[in-house]
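# Coordinate analysis (summary)
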Amino acid sequence: MKPHTALVTGAASGIGAEVARRLVRRGHRVIVVDRTDELAARAAADIGAGSLAVGCDLATEAGTAGLCERIADDWRDLEVLVCNAGAVVLREVADQSAGDLDRQLDVMLRSPMQVIRAAIPVFTERERGHIMATVSLSGICPMPTTAAYSAAKAGLRAFLAALNVELTGTGVHISGIYPTAIDTPMLRQAVSGDGSLEYLNRVRTVDDVADAYERALDRPRLEIYVPYRDGFTARAVQWTPGMIPRTLPLFRLMSRRNRREYLRRITE
């Protein structure tokens with residue numbers, strides 16, 4: 001029997017690589033998408049099992065359009081779409097360039113919307129499929145130095161929620177995964193720079209997020225939080241965002257403790 005096909009963006013490392021490996025173990029042929037041909041080829045070789053490497057810079061209009069074309073024309077057997085590619089610049093808005101802001105919105109909002117749009121007819125034609133995305137608790141509970149990142153994730157959350165209503169009854173499932181800070185190459189690069197990030201809880205692992213993806217595949221849900229209890233805190237803050245400046249000193253106290261624990265962990 002021909003294996004089902006899954007497509008994962010940002011699959012060369014971190015969350016994307018682990019999710020791709022889990023999908024292979026579940027019997028999928030995985031289309032491994034990352035920023036360059038070299039990164040994608042290296043990831044596909046590591047993942048194995050007939051994985052297909054596709055180099056594509058989702059920060060560019062041409063790269064996104066090319067991937068959408070192939071979804072519509074070449075991969076009509078697509079069953080699972082995972083929008084995971086990310087980009088973050090941890091600086092206050094006034095200290096970021098226009099390009100910094102645009103890249104984060106392009107990679108984490110504009111390109112997922114376009115890629116998902118291209119996949120919908122493929123899924124609805126067969127009355128099955130699963131659209132999945134790595135969102136973030138930052139899209140619900142924004143903190144300083146993450147304004148553009150949080151804006152992209154909040155927009156993606158709203159997009160998935162509206163899409164879930166539009167596709168009700170079609171056989172197509174929608175799932176957003178909402179992790180707290182996760183130990184990925186992107187996070188390690190961010191904390192090694194001059195930016196700062198508030199860690200409200202202990203930094204989790206890519207396995208924690210991949211476990212959530214598998215739970216969503218087995219029992220589709222619109223939103224899954226990693227860890228589960230953080231979803232309550234984030235949504236409570238969302239109701240009263242004006243309170244964030246007042247509670248920030250407490251958040252920062254917690255953050256310093258969690259950052260020290262994380263840095264110890266990755267340097268030992």
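Read on for an overview of the structure. (Residues numbered from 1 in each chain as written. Predicted model: local features only at pLDDT ≥ 70, side-chain atom pairs only at ≥ 80, totals over all residues. Heavy atoms only, no water.)

### As for the overall build of the chain
Heads up, the rule is: Note on conventions: DSSP H or I runs of at least 4 residues are helices, E runs of at least 2 residues are strands, and numbering of each starts at the N terminus. We call two residues contacting when some pair of their heavy atoms lies within 4.5 Å. The Shrake-Rupley method, run with a 1.4 Å probe sphere, supplies the accessible areas, and residue values consider only the shown protein chains as cover.
Within the chain, the regular secondary structure consists of 9 helices and 7 strands. Across the chain, contacts joining residues at least 24 apart in sequence account for 70% of those joining residues at least 6 apart. Roughly 12,600 Å² of accessible area belongs to the chain as shown, and the carbon and sulfur atoms make up 54% of that amount.

### Some details on the pattern of salt bridges
Side chains that differ in charge, positive against negative, can pair when their charged atoms come close. The condition that has to hold: The term salt bridge refers to a pairing of a side-chain nitrogen on Lys or Arg with a carboxyl oxygen on Asp or Glu at a separation within 4 Å. Remark: exposure states derive from per-residue accessible area (1.4 Å probe, protein chains only) relative to the maximum for the residue type, with buried under 20%, exposed over 50%, and partly exposed in between.
This model, assessed by the stated rule, comprises 18 salt bridges. With a closest N to O distance of 2.9 Å, Glu-125 and Arg-76 form a salt bridge. Here Glu-125 is found in helix H4 (residues 98–126), whereas its partner Arg-76 is found in the loop between helix H3 (61–73) and strand S4 (78–83), with 49 residues between them in sequence. A relative accessible area of 58% places Glu-125 in the exposed class. Classification of Arg-76 by relative accessible area gives partly exposed; the value is 32%. With a shortest N-O distance of 2.8 Å, Arg-128 and Glu-79 are connected by a salt bridge. Residue Arg-128 is located in the loop between H4 and strand S5 (129–134), and its partner Glu-79 is located in strand S4; the two are separated by 49 residues in the primary sequence. Here the salt bridges do not stand alone but share partners, grouping Glu-18, Arg-21, Arg-22, Arg-25, Arg-26, Asp-46, Asp-207, Asp-211, Glu-214 and Asp-218 into one network.

### What about the state of the cysteines?
Our working definition: By definition, disulfides here are pairs of cysteine sulfur atoms that lie within 2.5 Å.
If you walk through the whole model with that rule in mind, you get 0 disulfides. Cys-56 takes part in no disulfide bond, and the closest cysteine sulfur to it belongs to Cys-68, at a distance of 8.3 Å.

### Examining the packing of aromatic side chains
Spelled out, the test is: Working definition: rings of Phe, Tyr and Trp (its six-membered ring) pair if their centres are within 6.5 Å, and the pair is stacked with planes under 30 degrees apart, edge-to-face with planes over 60 apart, and tilted otherwise.
Overall, the coordinates contain 1 aromatic pair when judged by the stated rule. The interplanar angle of 40° and the centroid separation of 5.3 Å between the aromatic rings of Tyr-178 and Tyr-225 together place this pair among those described as tilted. With Tyr-178 in strand S6 (residues 172–179) and Tyr-225 in strand S7 (residues 223–226), the pair connects residues that are 47 residues apart, well separated along the chain. Side by side, Tyr-178 and Tyr-225 carry an identical accessibility label, which is buried.

### Section: the sheet that holds S4
Sheets are built from strands that pair by backbone hydrogen bonding, the pairs being arranged parallel or antiparallel. Test applied: A pair of strands is considered paired only if DSSP assigns at least 2 bridges between the two. Axis angles are defined between N-to-C directions and span 0 to 180 degrees, where every axis is a line fitted to C-alpha atoms and, for a helix, only to the segment in contact.
Strand order in this open sheet of 7 strands is S3-S2-S1-S4-S5-S6-S7, and the pairing throughout is parallel. Strands at the two margins of the open sheet, each flanked by one partner only, are strand S3 (52–55) and S7. Going across the sheet, the axis of each strand differs from the next one's by a mean of 15°, ignoring polarity. Taken together, the 4 bridges between strand S1 (residues 5–9) and S4 define a ladder with parallel strand orientation.

### Some remarks on H3
We count it as follows: Helices are assigned an expected span. That span is 1.5 Å times one less than the residue count. The directions considered for the arc run from the helix axis to the C-beta atoms.
The terminal C-alpha atoms of H3 lie 18 Å apart, and with 13 residues this matches the ideal 18 Å at 1.5 Å per residue to within 8%. If you check which residues of H3 are buried, you get Gly-63, Thr-64, Leu-67, Cys-68 and Ile-71. Here the buried residues of H3 occupy an arc of 130° about the axis, which is enough to place them on one side. Away from the buried face of H3 by more than 90 degrees, exposed residues Glu-61, Ala-62, Glu-69 and Asp-73 are located.

### Section: the environment of Val-206
As for its position among the elements, Val-206 is in helix H7 (residues 206–218). Here Val-206 falls in the buried class, since its relative accessible area comes to 18%. Along the chain, Val-206 and Gly-14 lie 192 residues apart, while their C-alpha atoms are 6.2 Å from each other. Setting aside residues no more than four positions away along its own chain, Val-206 makes contact with Gly-14, Ile-15, Glu-18, Ile-182, Asp-183 and Thr-184.

### Side note on the pairing of S4
Rules: Clockwise travel from the first strand over the helix to the second, with the strands pointing away from the viewer, marks a crossover as right-handed.
Most of S4 sits inside the fold, with 6 of its 6 residues counted as buried. Across 4 bridges, S4 lies against S5 in parallel orientation. Bridge assignment links Cys-83 to a residue of S5, and that residue is Ala-133. At this point the chain moves from S4, through H4, to the parallel S5, and the crossover so formed is right-handed.

### Considerations on unusual backbone geometry
Leave glycine aside and you will find that most residues have negative phi; peptide bonds, for their part, are mostly trans. In this model, Glu-127 sits at a positive phi of 60°, which is unusual for a non-glycine residue. Tracing the chain through its elements places Glu-127 in the loop between H4 and S5.

### Here's the deal with helix H2 (residues 37–47)
Buried within H2 we find Ala-40, Ala-43, Ala-44 and Ile-47. Angularly, the buried residues of H2 cover 100° about the axis, an arc narrow enough to put them on a single face. H2 presents Glu-38, Arg-42, Ala-45 and Asp-46 as exposed residues on the side facing more than 90 degrees away from its buried surface. Just beyond H2, the residue with positive phi is Gly-48, at close to 70°.

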